[in-house]
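# Close look at the chain arrangement
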Amino acid sequence: MNLLISALGVLGVASSGPLIAATLGATSATALAIAFWRNAIGAVVMAVPVAVREPKQFGRTTRHEFGWSALAALALAFHFACFITALQLTSVAAATALVCLQSAWIAVFQMIRGTRHRWPVLAGLGIAFGGVVAITGFDMGSSPEALLGDVLAIAGGALAGLYTLAGGKARQTMGTGTYTTFCYGMCAALVAVMALVGGQPLAGFDAGGWLGILAITVCAQLVGHTAFNHLLATMSPLVVSMIILLEIPGAAILAAIFLNETLPAGTYAGLALILVGLAVVVFGQRRLGPEEGRREAELGTD
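Residues numbered from 1 in each chain as written. Predicted model: local features only at pLDDT ≥ 70, side-chain atom pairs only at ≥ 80, totals over all residues. Heavy atoms only, no water.

## As for the overall build of the protein
In terms of helices and strands, the protein carries 14 helices and zero strands. When the helices and strands of the protein are listed from N to C terminus, the series reads α-α-α-α-α-α-α-α-α-α-α-α-α-α. Judged by the C-alpha coordinates and their principal axes, the protein covers about 55 × 50 × 40 Å. When each of the 302 residues of the protein is scored for burial, the buried share is 51%. Long-range contacts, defined here as pairs at least 24 residues apart, represent 84% of the contacts in the protein between residues at least 6 apart. Between the centroid of the 14 positive side chains of the protein and the centroid of its 13 negative side chains there is a distance of 16 Å. (Helix = DSSP H or I, 4+ residues; strand = E, 2+ residues; numbered from the N terminus. Buried < 20%, exposed > 50% of the residue type's maximum accessible area, 1.4 Å probe, protein only. Contact = heavy atoms within 4.5 Å. Lys, Arg positive; Asp, Glu negative; His and termini not counted. Charge placed at Lys NZ, Arg CZ, Asp CG, Glu CD.)

## A short note on the nonpolar core
The nonpolar side chains of soluble globular proteins are, as a tendency, buried together. Counting 68 residues, the largest nonpolar core has Ile20, Ile84, Leu101, Tyr163, Ile274 and Leu278 as the members making the most contacts within it. Per-element accounting of this core gives the leading share, eleven residues, to helix H4 (residues 63-89). Beyond its immediate sequence surroundings of up to four residues, Ile84 is in contact with Ile20, Leu24, Ala31, Ile34 and Ala35. Counting nine residues, the second largest nonpolar core, distinct from the first, contains Val10, Leu231, Ile243 and Ile244. (Core = buried A, V, L, I, M, F, W, Y, C linked by side-chain atoms within 4.5 Å.)

## Description of the packing of H4 against helix H9 (residues 176-198)
Orientation of H4 relative to H9, taken along the N-to-C sense of each, is 50°, at an axis distance of 8 Å. Taken as axis vectors, H4 and H9 run oblique relative to one another. As H4 packs across H9, the resulting crossing turns out to be right-handed. The segment H4 lies against H9, with Phe66, Ser69, Ala70, Ala72, Ala73, Leu74, Leu76, Ala77, Phe78, Phe80 and Ala81 engaging Tyr179, Phe182, Cys183, Tyr184, Met186, Cys187, Leu190, Val191 and Met194. Taken together, the residues of the contact of H4 with H9 sort by class into 19 nonpolar, one polar and no charged. (Axes fitted to C-alpha atoms, helices over the stretch in contact; angles between N-to-C directions. Parallel < 35°, antiparallel > 145°, perpendicular 65-115°, else oblique. Left-handed = near helix turned anticlockwise from the far one by under 90°. Nonpolar A, V, L, I, M, F, W, Y, C, P; charged D, E, K, R; others polar.)

## Quick notes on the packing of aromatic side chains
Across all of its chains, the model carries six aromatic pairs by this definition. Measuring from ring centre to ring centre gives 5.5 Å for Trp37 and Trp210, while their planes differ by 70°; the resulting arrangement is edge-to-face. Of this pair, Trp37 sits in helix H3 (residues 31-53) while Trp210 sits in helix H10 (residues 207-231); the two residues are 173 residues apart in sequence, bridging distant segments of the chain. With a relative accessible area of 25%, Trp37 lands in the partly exposed category. Following the ring pairs from residue to residue traces out a cluster consisting of Phe36, Trp37, Phe205 and Trp210. (Phe/Tyr/Trp six-rings, centres within 6.5 Å; stacked < 30°, edge-to-face > 60°.)

## A word on H3
Owing to its 3.6 residues per turn, the α-helix brings residues three or four apart onto one side. The end-to-end C-alpha distance of H3, which contains 23 residues, comes to 35 Å, matching closely the 33 Å that a straight helix rising 1.5 Å per residue would cover. Largest kink in H3: about 25°, centred on Ala47, with the proline Pro49 one to four residues after it. (Expected span 1.5 Å × (residues − 1). Bend = angle between axes of the 7 residues up to and from the residue.)

## Some thoughts on unusual backbone geometry
A positive phi is found at Asn260, a non-glycine position, where the angle reads about 55°. With respect to the helices and strands, Asn260 occurs in the loop between helix H12 (247-258) and helix H13 (265-284). Residue Asn260 is classed as exposed on the basis of its relative accessible area, which comes to 64%.

## With respect to a nonpolar patch on the surface
Together, Met1, Leu4, Leu8, Leu214, Val218 and Val223 line one region of the surface with nonpolar side chains, adding up to about 560 Å² of accessible area. The set of elements that each furnish at least two residues to the nonpolar patch consists of helix H1 (2-14) and H10. Looking at the nonpolar patch, the element that brings in the most residues is H10, giving three residues. Positionally, Val218 belongs in helix H10. Of the residues examined, Val218 reaches a relative accessible area of 33% and is grouped as partly exposed. (Patch = residues over 30% accessible without salt bridge, like charges linked within 9 Å, V, L, I, M, F, W, Y side chains within 5 Å. Areas by Shrake-Rupley, 256 points an atom, 1.4 Å probe, with all protein chains shown as cover. Salt bridge = Lys/Arg side-chain N within 4 Å of Asp/Glu carboxyl O.)

The structure is reproduced here in C-alpha cells:
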C-alpha cells in the first residue's frame with residue numbers, strides 16, 4: 001500500500017509543472033489565477049474537517065502562530081508567482097529541478113543561522129550547485145528568456161525553503177488543518193492582491209482553463225501532498241524526503257511525453273547533478289530529531 005501511495009504522490013507533484021505549462025499555453029487562464037485558486041480551494045478543503053470537529057481551534061491561534069503562518073503565506077505566494085512565471089519562460093524540467101532546490105536552500109538558511117552541517121550536506125550542496133551552473137549555462141546560450149526563467153525558478157526554490165522553515169515554526173504548536181487553512185487562505189489573499197496590481201484576471205476563463213486549474217489543484221495540491229503527509233505517519237522522514245526528489249525526473253518524463261519537450265544533453269546532466277546533490281543533502285541530515293526531520297520532509301509546494 002505504501003508503494004502505491006508513494007507512486008501516487010510522485011505522480012501528483014511531478015504533474016504540477018507539466019499541467020501548469022499546458023494550462024498557460026493552451027487556455028486563457030493566467031499564472032496568478034492558478035496560484036490563487038489552488039490555494040483558495042486547498043484552504044477550504046483543509047478548513048472543513050477542522051470546522052466540523054474542532055471549530056474552536058481557529059480562535060485559539062496565538063499571535064506567535066499567526067505571525068509565522070503569515071510569513072509562510074507570504075513566502076508561498078511569491079514562490080508560486082516565481083515558479084509559475086518561470087514555467088512560461090524556461091523548460092518544465094529545468095524550472096522543476098531548480099525550484100526543488102528548496103531543501104538545499106533550507107540547509108543554507110540553517111548555516112546562516114549558525115547550524116554546523118556534516119560534510120555530506122556541504123558536498124551535496126556543491127554537487128547541486130554544479131547542476132545549477134550546468135542548466136543556467138546552457139539556457140544562457142539559448143535565450144535571455146530561458147535564463148530569466150531559471151533565475152525565477154531559483155528564487156522560487158529559496159522562497160519555498162523560507163516557507164518550509166516558517167511553517168515548521170508555526171507547526172510546533174498548531175495542528176495541520178488549522179495551519180494549512182490559515183497559510184493557504186492568506187496566500188490566496190496575497191496572490192489576489194498581486195493579480196489586482198498586475199492586471200491579471202482571476203476569473204472569466206474558458207472551460208479548458210477551469211479544467212486545468214481543477215486538475216492542478218487535485219493532482220498536485222490534494223493528491224500529491226496528501227499522499228506524502230500520509231506516508232510521514234508510516235515511513236521515516238528520510239525515506240519520504242528521498243521519494244519526493246523523484247519529482248525532478250518525473251516532471252522531465254511527463255513534459256517529454258505530453259509536451260514533446262526536448263532538452264540539450266547538458267541540461268539533462270544538470271538535472272542529474274541536482275537530483276544527486278539534493279539526495280546527498282537529505283541523506284546527510286539523517287541525524288535530525290523526529291519532529292525536525294518530519295518538517296524537513298514536508299518539501300512539496302508545487
